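# Observations on the model geometry
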Amino acid sequence: MSQYTERAVELFMSGYNCAQSVFAAFHDRVGLPMELALRVSAGLGGGVGRLREVCGALCGAAMLAGMLYGATQGEDQAAKAYTYQKVQEIAAEFRKSNPSILCRELLGLPADAPIVAQPEARTESYYQDRPCPRIIESAARAAEIILFPEEKV
């Protein structure tokens, strides 16, 4: 495990959500203060606001692609396309070790599971029952492979 994937898992185990854990693990690589990285990614945890849609860890990795390659001019179609390509590559790498990119499917929840805003208490059993640390490690590793290929993963 690299320093970034390790940091991502440590952040999650410290109480941060999945998106924060992946995005903030790389804060120094994208030139953001840790606090800002945590804030801008805070709403994406739990499959985007606990809606259990696209995995928050994968969203955090997608945000990294945007920080590195995102268009800053509305008409910059090349930058948009390149960023989307990198996000699709991250998702493909993520899928190599995960059956889905949807939070509810990764957690084994039914499609009609109730949506609640209140996060679950972070107890020892919470961490034992969840695949999230492994998924966060996978998303961080996918980001590292695609966005930082000079790093040995």
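Residues numbered from 1 in each chain as written. Predicted model: local features only at pLDDT ≥ 70, side-chain atom pairs only at ≥ 80, totals over all residues. Heavy atoms only, no water.

### With respect to the nonpolar core
Applied cut-off: Nonpolar core, defined: a set of buried Ala, Val, Leu, Ile, Met, Phe, Trp, Tyr and Cys residues in which side-chain atoms within 4.5 Å join the residues together. Residue exposure (1.4 Å probe, protein chains only): buried if accessible area is under 20% of the type maximum, exposed if over 50%, otherwise partly exposed. A run of DSSP states H or I qualifies as a helix once it reaches four residues; a run of E qualifies as a strand once it reaches two. Both are numbered from the N-terminal end. Residue contacts are counted whenever heavy atoms from the two residues lie within 4.5 Å of one another.
In terms of nonpolar packing, the biggest core is built from 40 residues, with Phe-26, Ala-57, Leu-64, Ile-90, Phe-94, Ile-136 and Leu-147 touching the most fellow members. Take this core: its biggest share by element is nine residues, from helix α8 (residues 132-147). Residues contacting Ile-90, with those up to four places away along its chain left out, are Leu-58, Ala-61, Ala-65, Ala-142, Ala-143, Ile-146 and Leu-147.

### Concerning the pattern of salt bridges
The following threshold applies: Put simply, a salt bridge is a Lys or Arg side-chain nitrogen that is within 4 Å of an Asp or Glu carboxyl oxygen.
All chains considered together, the criterion is met by 10 salt bridges. As a salt-bridge pair, Arg-39 and Glu-35 come within 3.2 Å of each other at their nearest N and O atoms. With Arg-39 and Glu-35 both in helix α3 (residues 34-41) and four residues apart, this pair spans about one turn of that helix. Glu-35 carries the same exposure label as Arg-39, and that label is exposed. Three or more residues joined by partner-sharing salt bridges are found here, namely Arg-50, Arg-52, Glu-120 and Arg-130.

Just distances and angles here, no functional claims.
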